[in-house]
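Structural overview
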Amino acid sequence: MEKALRVIEEMARLGIIKAYAIGGGIAATYYIEPVLTYDLDIFFIPPREGLDELAPIYEFARGRGYVDQAEALLIEGFPVQFIPAYNDLVREAVAEAATLKYRDTEAKVVKAEFLAAIALQTGRAKDRERVARLLEADVIDRALLARILETHGLKGRLEKLEGGAGEK
Amino acid sequence: MKSKSADTVFERKRERRRLLAKLPFEKKIEIVVELQRAAAGIRKEAGRKPWVLERPERTVR
């Protein structure tokens, strides 16, 4: 994973992506208990909004001899899924990313509050479960989460989750 | 209806999750790989292979 993270950092340095942040299961694992996941999800902001935001990434990757595997790119043998920031919430999550350290390598990761907001917006059962775990792990700044949810019209979703939370 | 024993079990589960959440990120990634290996015996889907983690790099002094 270390090598893959370095390649992603390099892509940002080279301007192939403008900014990025790890999301999904690996971001969740950073904050809460480890979860079963198979891809390193990378939310990214492309340097230019265009028709095919993934094309420069795949061009760079193929130039390095990396191949694709299902929806992911195998970077240094590691499945990485690049996801263009698809709305204002995800764009803000990338722009406001935190830094994590894996061994000697630093990488950008979505903050816990944005991870919770994105999960609330996505709204699948596993996403609601993730929000509950993030809240339980005490890694959420409630004021920041409230601001994010208010901005992106998601306040009601947290209230609904907490109101109906019977799970342990 | 509340059950004191159930509450105790749930509290222990929460405590276990809190402890796991506090592990170093490197250790958590090792656990993710263990979960993938455990799942590999049940779900044999393409693209669902357990990761192979690099060995930590050592600085030669």
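Counting of residues starts from 1 at the beginning of each chain's written sequence and follows it residue by residue. Going through the entries in the order they are written, you letter the chains from A and number the ligands from 1. Given that the model is predicted, a residue must reach a pLDDT of at least 70 before its local features are reported, and side-chain atom pairs must reach 80 or more before they are shown or counted; all residues, however, enter totals for whole chains, interfaces and linings.

**A look at the overall build of chain B**
Strands are runs of DSSP state E lasting at least two residues, helices are runs of H or I lasting at least four, and both sets are numbered from the N terminus onward. A tally of helices and strands in chain B yields two helices and zero strands. Taken over 61 residues, chain B has a buried fraction of 8%. Residue burial is a threshold on neighbouring C-beta atoms within 10 Å of the residue's own C-beta, all placed from the backbone, with 20 or more meaning buried, 12 or fewer meaning exposed, and counts in between meaning partly exposed.

**Examining the nonpolar core**
All names here are of chain A. Phe43, Ala93, Val110 and Leu115 are the most contacted members of the largest nonpolar core, which totals 54 residues. For this core, the leading source of residues is helix H5 (residues 112-122), giving eight residues. Taken together, domain 1 (2-87 + 97-110) and domain 2 (114-163) each give at least three residues to this core, which thus spans both. Each residue is represented by a C-beta atom placed from its backbone, and any two residues with such atoms within 7 Å are regarded as in contact. If we ignore the near neighbours within four places in the chain, the residues touching phenylalanine 43 are Tyr20, Ala21, Gly23, Ile83, Ala85, Val90, Ala93, Val94 and Val110. By our criterion, buried Ala, Val, Leu, Ile, Met, Phe, Trp, Tyr and Cys residues that link up through C-beta atoms within 7 Å make up a nonpolar core. Those domain boundaries reflect an automatic or database domain assignment.

**Concerning the pairing of strand E4 (residues 72-75) of chain A**
Residues and elements named next belong to chain A. Residue alternation in E4 divides its side chains into a buried set, Leu73 and Ile75, and an unburied set, Ala72 and Leu74. Note on pairing: DSSP must find at least two bridges between two strands before they are called paired. Where strand E3 (residues 67-69) lies against E4, three bridges are found, and the strand directions are antiparallel. Considered in E4, the bridge of aspartate 68 is made with leucine 73. Alignment of E4 against strand E5 (residues 78-84), held across three bridges, turns out to be antiparallel.

**Describing the environment of threonine 122 of chain A**
Residues and elements named next belong to chain A. Along the chain, threonine 122 turns up in helix H5. For threonine 122, a count of 12 C-beta atoms within 10 Å translates into the label exposed. Threonine 122 sits 27 residues away from alanine 95 along the chain, and the two C-alpha atoms are 19 Å apart.

**Quick look at the environment of isoleucine 16 of chain A**
All names here are of chain A. By secondary structure assignment, the location of isoleucine 16 is in the loop between helix H1 (2-13) and strand E1 (19-23). The spatial distance from the C-alpha of isoleucine 16 to the C-alpha of isoleucine 140 is 32 Å, given a sequence separation of 124 residues. Excluding its chain neighbours within four sequence positions, the residues that come into contact with isoleucine 16 are Met11, Pro56, Ile57 and Phe60.

**Comments concerning the domain arrangement of chain A**
Residue and element names in this part refer to chain A. Split by domain assignment, chain A resolves into domain 1 (2-87 + 97-110) and domain 2 (114-163). Between the C-alpha centres of domain 1 and domain 2 the distance comes to 23 Å. Each side of the interface is counted separately: domain 1 has seven residues, and domain 2 has eight residues. Sort the elements by how many residues they give to the side of domain 1 that touches domain 2 and helix H2 (residues 24-31) lands first, with three residues. For this scheme, ten residues count as nonpolar: Ala, Val, Leu, Ile, Met, Phe, Trp, Tyr, Cys and Pro. Four count as charged, namely Asp, Glu, Lys and Arg, and the remainder, Gly too, count as polar. Considering only residue class, the side of domain 1 that touches domain 2 consists of five nonpolar, one polar and one charged.

**Focus: unusual backbone geometry**
Excluding glycine, residues mostly carry a negative phi; peptide bonds, for their part, are mostly trans. All names here are of chain A. Positive phi values are uncommon outside glycine, yet glutamate 76 reaches one of about 50°. Mapped onto the elements, glutamate 76 comes out in the loop between E4 and E5. Phi is positive for aspartate 138, close to 65°, though the residue is something other than glycine. Relative to the helices and strands, aspartate 138 is located in the loop between helix H6 (125-136) and helix H7 (142-151).

**Here we look at the interface of chain A and chain B**
In this complex, chain A contributes 25 residues to the contact, which on the side of chain B involves 24 residues. When residues of the side of chain A that touches chain B are assigned to their parent elements, the largest contribution, three residues, is made by H2 of chain A. Looking at the side of chain A that touches chain B residue by residue, the class counts come to 13 nonpolar, four polar and eight charged.

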